[in-house]
There are 2 protein chains.
Amino acid sequence: MTRPVETPLVQTLPATVPFVGPEAIERRRAQIFKARIGANESVFGPSPRVLQVLRDASAEAWMYGDPESYELREALAAGIGCAREAVVIGEGIDALLGYAVRLYVGAGDHVVTSDGAYPTFNYHVAGYGGSLIKVPYRDDKEDIEGLLAAAEASKAKMIYLSNPDNPMGSWHEASVIEDMIARLPFGCMLLLDEAYVEFAPDGAVPNLSLDDPRVIRMRTFSKAYGMAGLRVGYAYGEGQVIRGFEKIRNHFGMNRLSQAAALAAINDPAWLDDIRRLVAASCSRIGQIARDNGFSPLPSATNFVTMDCGADAGFARAVLQALEDRDVFVRMPFAAPGNRCIRITAAPDGEIDRFAEALPGAIKAAKAIG
Amino acid sequence: MTRPVETPLVQTLPATVPFVGPEAIERRRAQIFKARIGANESVFGPSPRVLQVLRDASAEAWMYGDPESYELREALAAGIGCAREAVVIGEGIDALLGYAVRLYVGAGDHVVTSDGAYPTFNYHVAGYGGSLIKVPYRDDKEDIEGLLAAAEASKAKMIYLSNPDNPMGSWHEASVIEDMIARLPFGCMLLLDEAYVEFAPDGAVPNLSLDDPRVIRMRTFSKAYGMAGLRVGYAYGEGQVIRGFEKIRNHFGMNRLSQAAALAAINDPAWLDDIRRLVAASCSRIGQIARDNGFSPLPSATNFVTMDCGADAGFARAVLQALEDRDVFVRMPFAAPGNRCIRITAAPDGEIDRFAEALPGAIKAAKAIG
């Protein structure tokens, strides 16, 4: 029995997971987290209308979802002000990032991202043989000039940028993004990850032409809409570019209940306004807790607060670990200089109470190690 | 604004969909189907326990699913009698087929399948640059000897086989499959699609060693379990082969509600027994309707009946179209000689009543064209 041989590219890849899930930590510790505020999920949950639609649509679970996600795309396109053909639905932004990389990045092609930005994007680039160039954050923001320079120097095919940014919570003004796009090097495109766009302040959402084939914008129902478990993301851009996804996507990959739930979410804008208020209040409270404990919260345009623990990555990691020991799940940025921080997701008061209770002891424990 | 350039492989691919969904036909006709019996979904729906879990789990929709699908894999592995590491979960068999092709098929590699077998598999092979060799069905079964000979002659990396078979509903005995595996050419592996295995007669499910790295078995909750809209499939096989999926799969692709629903489905085996009885009775009735109208039903080991319309593909297509005109959605095999047939999915009596009512008129209309 000769072992089948993986492709030369696959042979070079590690078996890896971009993120360890909180469930894996819970299994290892044999203890459920009392506050799950580490994955930037919306602990406030989805709209009651979404929950109602999920219950109602369960009777349709036996049917494959519409492979065209027609109604959902119609609704999204109406909101954006574009044609349905300019929108593609996928199994979360994760899947859409994978498709975009597969469409454009071949073995040896260069791709530019920020050091410490989204690991799942990096996973996809590596998975298709692309060569990653990582530009450090500057002043806790993605370094636009650095990204452009690296793309120019490497003749990169693609730049990845999230705005607002994860994991730092920072953002660039619309004009900065618009200017960046105007200056994209020849042959280079931009994947603009707007997972947190619903939390962005006025003036931080660029006004982009859908005639520009060099930009693909990606958004999700996983954050503000509170539907991370349902796996619905969308990408939009120039029609022919979006049509490219039809060549490779998993046409029957969408969950039928999720399609219905996303449509219900769009149709409840008042809920989104409520969530924005709740998240802003929670982020404000998390910031105060940080200051009360001698940490410095960074400004946030997202549903999380990244806080500077005031020392090195080792100390931040020790605080993180000590919070885990106290049944509080949070995460931290992966790379310097952001990894002096920990990152806390906005949540109802009960979860934030637990964080507030756990933090002083966690800091004490972390200091005892150092 | 220079248009970004797709990879050389992607440039060769058409924007296509392996199947047109029934919703697309409904939109074109501006008319909802009265019987949706064309996609081999389980019109009987899922277990009431699954529906209950879907409703209960909707409160967890804000959380990402466990990227390891730990509990579901544990339950499946216990049923199979293997280690959890020998099982991988995916967004339907469609996604798992895509992953398997990506792992093993590179540009120019040969892959063998039956002519008229699963188009989504073919879509994935083309999508990764593989070269498809199609072996005609023989006696309305997949031609094992022909598949082996084609693989040998082409030095193929992979053979695709579904057992029981879609779209013909036929099957091979376990010993035939076991013998086929023993005779796989050097360097060739088998993707064994067992989407319909829960309907297979005694003796048609091979007993395969999980030590053999050349075979990957794939199963689904979309057919017997009535959960097509929830997108849960699984593959199992030798540990190191299955571990390969960790290199490329969308780790956070699984819907959290679907994970819970699949677990509930496994824990309700009595429901599966009921479904088997209901499907057998419905297939029997569909067969009688076929005979009453001068058609010849083929033996079926699945939840559908493929019936020989007694003439050529043009006639079968005309019958199909005439059924559509009567608001009945069915499909037909894509390639000769199977495309002299139409394929009807088992369903509750209401749907089959509508088919029985529509068929005589549809045949008359089809004959009037010819």
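Check the secondary structure of chain A and you find 13 helices and twelve strands. Against the 2.2 N^0.38 benchmark of 21 Å for 370 residues, chain A shows a C-alpha radius of gyration of 21 Å, consistent with a compact globule. The principal-axis extents of the C-alpha atoms in chain A amount to approximately 60 × 55 × 50 Å. Each of the 370 residues in chain A was classed as buried or not, and the buried ones make up 57%. Here the contacts in chain A between residues at least 6 apart in sequence split such that 73% fall between residues at least 24 apart.

Moving on: the interface of chain A and chain B. In this complex, chain A contributes 73 residues to the contact, which on the side of chain B involves 73 residues. At the level of elements, α2 (22-29), α3 (48-57), α5 (92-104), α9 (239-244) and α10 (256-266) of chain A are the ones that each hand at least two residues to the side of chain A that touches chain B. Taken together, the residues of the side of chain A that touches chain B sort by class into 33 nonpolar, 21 polar and 19 charged.

Residues and elements named next belong to chain A. One open sheet accounts for three strands, arranged β9-β10-β12; its pairing is antiparallel. In this open sheet, the two strands that pair with only one neighbour each are β9 (296-297) and β12 (341-345). Both strand β10 (residues 304-308) and β12 contribute to a ladder of five bridges, which runs antiparallel. The residue bridging Phe304 from the neighbouring strand is Thr345, located in β12.

Time to look at the packing of α3 of chain A against α10 of chain A. All names here are of chain A. Between α3 and α10, whose axes approach to 8 Å, the crossing angle comes to 150 degrees. On the basis of the axis angle, α3 is roughly antiparallel to α10. In this structure, α3 crosses over α10, and the sense of that crossing is right-handed. Together, Arg49, Val50, Val53, Leu54 and Ala57 of α3 and Arg256, Leu257, Ala260, Ala261, Ala264 and Ala265 of α10 make up the contact between the two elements. Classifying every residue of the contact of α3 with α10 by side-chain character gives nine nonpolar, no polar and two charged.

Before going further, it helps to examine the domain arrangement of chain A. All names here are of chain A. Per the domain assignment, the segments of chain A are domain 1 (20-45 + 270-369) and domain 2 (48-267). On a C-alpha basis, the centres of domain 1 and domain 2 stand 25 Å from each other. Contacts between the two partners involve 24 residues from domain 1 and, on the opposite side, 22 residues from domain 2. Secondary structure elements with two or more residues in the side of domain 1 that touches domain 2: α11 (269-292) and β10. Ranked by residues supplied to the side of domain 1 that touches domain 2, first place goes to α11 with four residues. Tallied by class, the residues present in the side of domain 1 that touches domain 2 amount to 13 nonpolar, eight polar and three charged.

Right, let's talk about the relation of the copies chain A and chain B for a bit. Here chain A sits on chain B after a turn of 180 degrees about the axis and a move of 0.0 Å along it, with an RMSD of 0.0 Å. These values place the two chain copies in the arrangement generated by a two-fold rotation axis. Proximity to the rotation axis, assessed at the C-alpha, singles out Arg55 of chain A in chain A; its C-alpha lies 2.6 Å from the axis. Taken as a fraction of all interface residues of chain A, those also at the interface in chain B reach 100%, which identifies the copy contact as same-surface.

Glancing now at the environment of Gly130 of chain B. Residue and element names in this part refer to chain B. Among the secondary structure elements, Gly130 is positioned in the loop between α6 (119-127) and β4 (131-135). The class of Gly130 is buried, set by 22 C-beta atoms lying within 10 Å. For the pair formed by Gly130 and Lys157, sequence separation is 27 residues and the distance between their alpha carbons is 9.6 Å. Those residues in contact with Gly130 that sit more than four places away from it in its chain are Val101, Val105, Asp109, Val111 and Val125.

Bringing the pairing of strand β7 (residues 215-220) of chain B into the picture now. The two faces of the sheet receive side chains in turn, since in a regular strand these alternate between them. All names here are of chain B. Where burial is concerned, most of β7 is hidden: six out of the six residues are buried. Burial along β7 is two-sided: the face carrying Val215, Arg217 and Arg219 and the face carrying Ile216, Met218 and Thr220 are both buried. Note that β7 and strand β8 (residues 233-237) share five bridges and pair antiparallel. Within β8, the residue paired with Thr220 across the bridge is Gly233.

Residues Met227, Ala261 and Val319 of chain A together with Met227, Ala261 and Val319 of chain B are the most contacted members of the largest nonpolar core, which totals 243 residues. In this view, Val319 of chain A contacts Cys309, Ile342, Ala362, Ile363 and Ala366 of chain A; residues no more than four positions away in its chain are not counted.

This paragraph deals with the environment of Ala39 of chain B. Residues and elements named next belong to chain B. Relative to the elements of secondary structure, Ala39 occurs in the loop between β1 (35-36) and α3 (48-57). Owing to 20 C-beta atoms within 10 Å, Ala39 belongs among the buried residues under this scheme. Through-space distance from the C-alpha of Ala39 to that of Phe304 is 9.3 Å; in sequence the pair is 265 residues apart.

Residue and element names in this part refer to chain A. Reading across from one edge, β2-β8-β7-β6-β5-β3-β4 is the order of the seven strands in this open sheet, with mixed pairing throughout. The open sheet has two edge strands, β2 (87-90) and β4 (131-135), and neither has a second partner. Direction aside, neighbouring strands of the sheet carry axes that sit 20 degrees apart on average. Relative to strand β6 (residues 189-193), strand β5 (residues 158-162) runs parallel, the two sharing five bridges. By the bridge assignment, Tyr160 is partnered in β6 with Leu191. Most of the contacts of helix α4 (residues 70-80) go to β2, to which it runs at about 130 degrees, and overall it touches β2 and β8 (233-237).

Residues and elements named next belong to chain B. A cis amide bond, omega 15 degrees, links Asn166 with the succeeding residue Pro167. The backbone phi angle of Asn40 is positive, close to 55 degrees, even though this residue is not glycine. In this structure Asn40 comes out as buried when scored by C-beta crowding, with 23 C-beta atoms within 10 Å. A positive phi is found at Arg231, a non-glycine position, where the angle reads about 60 degrees. With respect to the helices and strands, Arg231 occurs in the loop between β7 and β8.

Okay, the pairing of β12 of chain A next. Burial runs high along β12 of chain A: five of the five residues are buried. Going residue by residue along β12 of chain A, you find Cys341, Arg343 and Thr345 of chain A tucked away on one face and Ile342 and Ile344 of chain A tucked away on the opposite face as well.

Now for helix α7 (residues 144-154) of chain B. All names here are of chain B. All of the buried residues along α7 are Ile144, Leu147, Leu148, Ala150 and Ala151. Down the axis, α7 shows its buried residues gathered within 165 degrees of arc, on one side only. Exposed side of α7, more than 90 degrees from the buried face: Glu145 and Ala153 are the residues found there. Tucked inside the fold, the buried residues of α7 contact β3 (110-114), β4, β5 (158-162) and α8 (174-182).

What follows deals with the environment of Arg291 of chain B. Residues and elements named next belong to chain B. Within the secondary structure, Arg291 sits in helix α11 (residues 269-292). The exposure class of Arg291 is exposed, given the 12 C-beta atoms found within 10 Å. As for Arg291 and Tyr196, which are separated by 95 residues in sequence, their C-alpha atoms are 24 Å apart.

Scoring rules and cut-offs
Residues numbered from 1 in each chain as written. Chains lettered and ligands numbered in written order. Predicted model: local features only at pLDDT ≥ 70, side-chain atom pairs only at ≥ 80, totals over all residues. Helix = DSSP H or I, 4+ residues; strand = E, 2+ residues; numbered from the N terminus. Rg over C-alpha atoms; globule rule 2.2 N^0.38 Å. Buried ≥ 20, exposed ≤ 12 C-beta atoms within 10 Å, placed from the backbone. Contact = placed C-beta atoms within 7 Å. Nonpolar A, V, L, I, M, F, W, Y, C, P; charged D, E, K, R; others polar. Pairing = 2+ DSSP bridges. Axes fitted to C-alpha atoms, helices over the stretch in contact; angles between N-to-C directions. Parallel < 35°, antiparallel > 145°, perpendicular 65-115°, else oblique. Left-handed = near helix turned anticlockwise from the far one by under 90°. Domains from an automatic or database assignment. Least-squares fit on C-alpha atoms with pLDDT ≥ 70 in both. Core = buried A, V, L, I, M, F, W, Y, C linked by C-beta atoms within 7 Å. Arc of directions from axis to C-beta.

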